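Letter by letter, the chains look like this.
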Amino acid sequence: MSETPKNNEVAPSSKPGSKPPTPANMEININPRDQEYINAKAYMLGCSTKTGYNLYDHLSRVLTKVLDERPENVVDIFEDISKETKLCKFTSNVDTVQDKIDQSTEVSLAQIQEKLFKKGGDDEEGAEAEEEVETSLPNLMDLNFYFEQAGVGMNREEMFRIWLAMKNLVDSYPLQFCRFWGKIIGTEQNYIVAEVEYREGEEEEAEEEEGEGEGEEETTEKEDAEEEEEGDEEEKDLKPDYKPPSDVPKEAARTGANKKTYFVCNDPGKPWIKLPPIKPKEIISARKIKKFLTGRLDAPVVSYPPFPGNESNYVRAQIARISAGTHISPLGFYQFDEEEEEEEEEGGGREDFVENVDFEGIPLRELADPGLNNWVHHVLHILPQGRTKWWNPVEKTEDDFEDEEEEEEREEPDEPEPETGPPLLTPLSEDAEVDSMPPWSPKISSSRIPQYAVSVMHSNLWPGAHAFAVDKKI
């Protein structure tokens, strides 16, 4: 008598070695939580289309490394361990993380600055020649030491790189004087500023080359104007007699606001770029606006009132304003020579000074006096006209004398009142207050060790401008 299968029992196969039949009503009973685990693992096992890795294997390796090494504060370095695990995994030569070049700004800047520390082939002979000849390169590390006592300045590593960059500047141009003016912070890049002065006659040649291009443009404009005048002879009588006021001319090189030349670079090792000469209209406009610098000299200056130029002109205008207001020295450190005194008697203003060889220094307590009588300005004040020496706009030029017959019928304008400012080497006590504060804040670097302290002056008009003095050094 044969037995029929009950419930889910499988009937015995009649043929040996054949698979048992699967019943139609067979169900797989899986816990819902286990099903979620299976789905999550399947998701983490999905491989990346870029690298071919999957998250499940990567986490397994990372956790294995953490449990083997058991580092402290693992939560703080978990991302570093994950990155290191990726780097250590072997991949093909076609696509590897280790062989990819790091294009970060730090690496690219390091490659540029690496050239500053390299020596040329004839450096030994050149070093001996440089020791014998006086150089215009200042000792920045010595100055940085005193500014460190005052609690201002930059770190020594950055200052040393700037020093090397300034050495390249001195070696590239025929400079008689070179000084580190300062550093200006920008939104994208910064400006490192060097104040220089060319040797006699060297700057004139460069200006002549620049002036040739300007002269060609002026002649073209004159020719166009003459053609327009010939074509509009009939309409001459209808033109108004009003003439717009002419622009105030810029001061000549080596005089006034253009006495010094300025070079800038964004970082040590990058090329030095010469800033253009300053014009009075640029200084006047710079006084009316406030703008953040971007660090790009060709960037437009979008402002109201409009600024006549790009960022290179604006930087040059700000440098002129800051220099005129913050370049100071102890009373008696500089003096006028006899020739300047004779010019003053004849009615001319004093522009040049010489270092006083007999200067013995001023005690620190007197330099830190809040009365500010022992410090003086050694850069000329910039007048409201935008020049250090006033220019008379009514004064007739050669072109005016040619058209004198036509202008006889017109009324002569009133003679304007000349603008005057404080003379050179004026004490700081004459400076105007800044928002009910004194213009300068004097300070002694150390009250605990006064015999080795430094006298420091902080500007309240231009925060970030500082000056120090100790014995015969400024």
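For the structure itself, consult the block above.
If you're wondering where the values come from, they're calculated on a predicted model, not measured in any experiment.

Looking at this structure, I do not really get the sheet that holds strand β11 (residues 466–469). What am I missing?
Within a sheet, adjacent strands bond to each other through the backbone by hydrogen bonds, running parallel or antiparallel. As summarised here, the arrangement of the three strands in space is β9-β10-β11, forming an open sheet in which the pairing is antiparallel. In this open sheet, the two strands that pair with only one neighbour each are β9 (440–444) and β11. This sheet shows a mean twist of 20° between the axes of neighbouring strands, independent of strand direction. Bridge count for β9 against strand β10 (residues 455–459) is five bridges, and the pairing is antiparallel. Among the inter-strand pairings, lysine 443 is bridged to a residue of β10, identified as valine 456.

What am I meant to see in the packing of aromatic side chains here?
Following the criterion strictly, the structure yields 10 aromatic pairs and no others. Ring centres of phenylalanine 145 and tyrosine 146 lie 5.2 Å apart, and the angle between their planes is 75°; on these two criteria the pair is classed as edge-to-face. Taking the centre distance of 6.1 Å and the plane angle of 80° together, the rings of phenylalanine 160 and tryptophan 163 count as edge-to-face. Note that phenylalanine 160 and tryptophan 163 are positioned in helix α7 (residues 156–172) at a spacing of three residues, about one turn of the helix. Note on phenylalanine 160: relative accessible area 34%, which makes it partly exposed. Following the ring pairs from residue to residue traces out a cluster consisting of Phe145, Tyr146, Phe147 and Phe468. The residue whose ring lies beneath lysine 260 is phenylalanine 177, and the NZ or CZ to ring-centre distance is 4.4 Å.

Basis of the calculations
- Starting afresh in each chain, residues are numbered from 1 along the sequence in its written order.
- Local features in this predicted model are restricted to residues of pLDDT 70 or higher, and side-chain atom pairs are both shown and tallied only at a pLDDT of 80 or more, whereas totals for entire chains, interfaces and linings draw on every residue.
- With hydrogens and water set aside, each side-chain value is computed from the structure's full complement of heavy atoms.
- Pairs of strands are assigned from DSSP output, requiring at least two bridges between the strands.
- Helix and strand assignments come from DSSP, with helices taken as H or I runs of at least 4 residues and strands as E runs of at least 2, each series counted from the N terminus.
- In this description, a line fitted to the C-alpha atoms serves as the axis of each element, helices being fitted only across the stretch in contact, and the angle between N-to-C directions of two axes falls anywhere from 0 to 180 degrees.
- Any two rings among Phe, Tyr and Trp, with Trp reduced to its six-membered ring, count as a pair given centres within 6.5 Å; such a pair is stacked if its planes are under 30 degrees apart, edge-to-face if over 60, and tilted if neither.
- A simple rule labels every residue: compare its accessible area, found with a 1.4 Å probe on the protein chains alone, to the largest value its type can have, and call it buried under 20%, exposed over 50%, or partly exposed in between.
- Placement of a charge over a ring requires the Lys NZ or Arg CZ to be within 6 Å of the ring centre, with the centre-to-atom vector within 35 degrees of the ring normal.

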